[in-house]
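Now for the letters of each chain:
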Amino acid sequence: MPRRPAAKPMPPGGFDAVASRFRCLADSTRLRVLYELSQGPKTVSELTERVGITQPNTSRHLQTLLREGLVSRERQGSHVSYAIRDPSVYQLCELVCGSIQRRLDDERRAWVG
């Protein structure tokens, strides 16, 4: 297996921040919220309807994503709109989703063939 170049040294507390980000993304409902937001900004009501959870639950997940810096919040009159703030979430999701898709394809081929 080829060796990867050494990563830059992590500052104190850096691994804690990485673990926090992964914990945030380890929830399927938050991943569905991020997917909906990847289609464009949405209000809490729109997300509640599209994700199929209650408004308080939607707000709780949005607060977690906001605290982690993955989404932004913007007031538009009496409505609050949320959007993806950190575009690296797209790259991470493509990497992980692509890996899982390849694994599922391999499993399906092994099962069929």
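Residues numbered from 1 in each chain as written. Predicted model: local features only at pLDDT ≥ 70, side-chain atom pairs only at ≥ 80, totals over all residues. Heavy atoms only, no water.

We now examine the layout of surface pockets. Approximately 350 Å³ is the volume attributed to the largest pocket. Considering the residues around the largest pocket, the lining is formed by 16 residues, among which Leu31, Val89, Leu92, Cys93 and Cys97 are closest to the centre. A per-element tally of the lining of the largest pocket places helix α5 (residues 88-112) first, with eight residues. Here the lining of the largest pocket is composed, by residue class, of 13 nonpolar, one polar and two charged. (1 Å grid on protein atoms, 1.4 Å probe; cavity = no way out; pocket = protein on both sides within 12 Å on 5 of 7 lines; lining within 4 Å. Points joined across faces, edges and corners; volume = space filled by probe spheres on them. Helix = DSSP H or I, 4+ residues; strand = E, 2+ residues; numbered from the N terminus. Nonpolar A, V, L, I, M, F, W, Y, C, P; charged D, E, K, R; others polar.)

For the rest of this paragraph, the subject is a nonpolar patch on the surface. A cluster of nonpolar side chains, contributed by Met10, Phe15, Val18 and Phe22, occupies part of the molecular surface with about 410 Å² of accessible area. Within the fold, Val18 resides in helix α1 (residues 14-25). (Patch = residues over 30% accessible without salt bridge, like charges linked within 9 Å, V, L, I, M, F, W, Y side chains within 5 Å. Areas by Shrake-Rupley, 256 points an atom, 1.4 Å probe, with all protein chains shown as cover. Salt bridge = Lys/Arg side-chain N within 4 Å of Asp/Glu carboxyl O.)

Any two packed helices are characterised by how steeply their axes cross, that is the angle between the axes, and by the distance between the axes. At a closest axis distance of 9 Å, the pairing of helix α3 (residues 44-51) and helix α4 (residues 55-67) adopts a crossing angle of 110 degrees. Judged on the interaxial angle alone, α4 and α3 are roughly perpendicular. On α4, the residues that touch Val44, Leu47 and Thr48 of α3 are Gln55, Thr58, Ser59 and Leu62. Grouping the constituent residues of the contact of α3 with α4 by class yields three nonpolar, four polar and no charged. (Axes fitted to C-alpha atoms, helices over the stretch in contact; angles between N-to-C directions. Parallel < 35°, antiparallel > 145°, perpendicular 65-115°, else oblique. Contact = heavy atoms within 4.5 Å.)

One finds Val33, Leu34, Leu37, Leu62, Leu65, Val71 and Tyr82 to be the most contacted residues of the largest nonpolar core, which totals 18 residues. Setting aside its immediate chain neighbours within four residues, Tyr82 contacts Leu37, Pro41, Lys42, Val44, Leu62, Gln63, Val71, Ser72 and Arg73. (Core = buried A, V, L, I, M, F, W, Y, C linked by side-chain atoms within 4.5 Å. Buried < 20%, exposed > 50% of the residue type's maximum accessible area, 1.4 Å probe, protein only.)

The subject of this paragraph is helix α2 (residues 28-38). Buried within α2 are the following residues: Thr29, Arg30, Val33, Leu34, Glu36 and Leu37. Projected onto a plane normal to the axis of α2, the buried residues spread over an arc of 160 degrees and lie on a single side. For α2, the capping residue at the N-terminal end is Asp27, with a side-chain oxygen 2.9 Å from the backbone nitrogen of Thr29. Backbone geometry just downstream of α2 places Gly40 in the positive-phi region, at approximately 135 degrees. (Arc of directions from axis to C-beta. Polar contact = N/O pair within 3.5 Å; in protein donor to acceptor, adjacent residues only side chain to side chain.)

Next up on the list: the confidence of the model for the protein. When pLDDT is averaged along the protein, the result is 91, and 97% of the positions lie at 70 or above. Summarising per-element confidence for the protein, the mean pLDDT is lowest in α5 (88) and highest in α4 (97). (pLDDT = per-residue confidence, 0-100.)

This part covers the pairing of strand β3 (residues 79-84). Within β3, five of the six residues are buried, leaving the element largely enclosed by the surrounding structure. Examined bridge by bridge, strand β1 (residues 42-43) and β3 share two bridges and lie antiparallel to one another. Residue Lys42 lies in a different strand from β3, and its bridge partner there is Tyr82. Of the pairings in the sheet, the one linking strand β2 (residues 71-76) to β3 comprises six bridges and is antiparallel in character. What sits directly across from Glu74, in β3, is Ser81. Between the antiparallel neighbours β2 and β3 lie two residues, among them Gly77 with a positive phi of about 65 degrees. (Pairing = 2+ DSSP bridges.)

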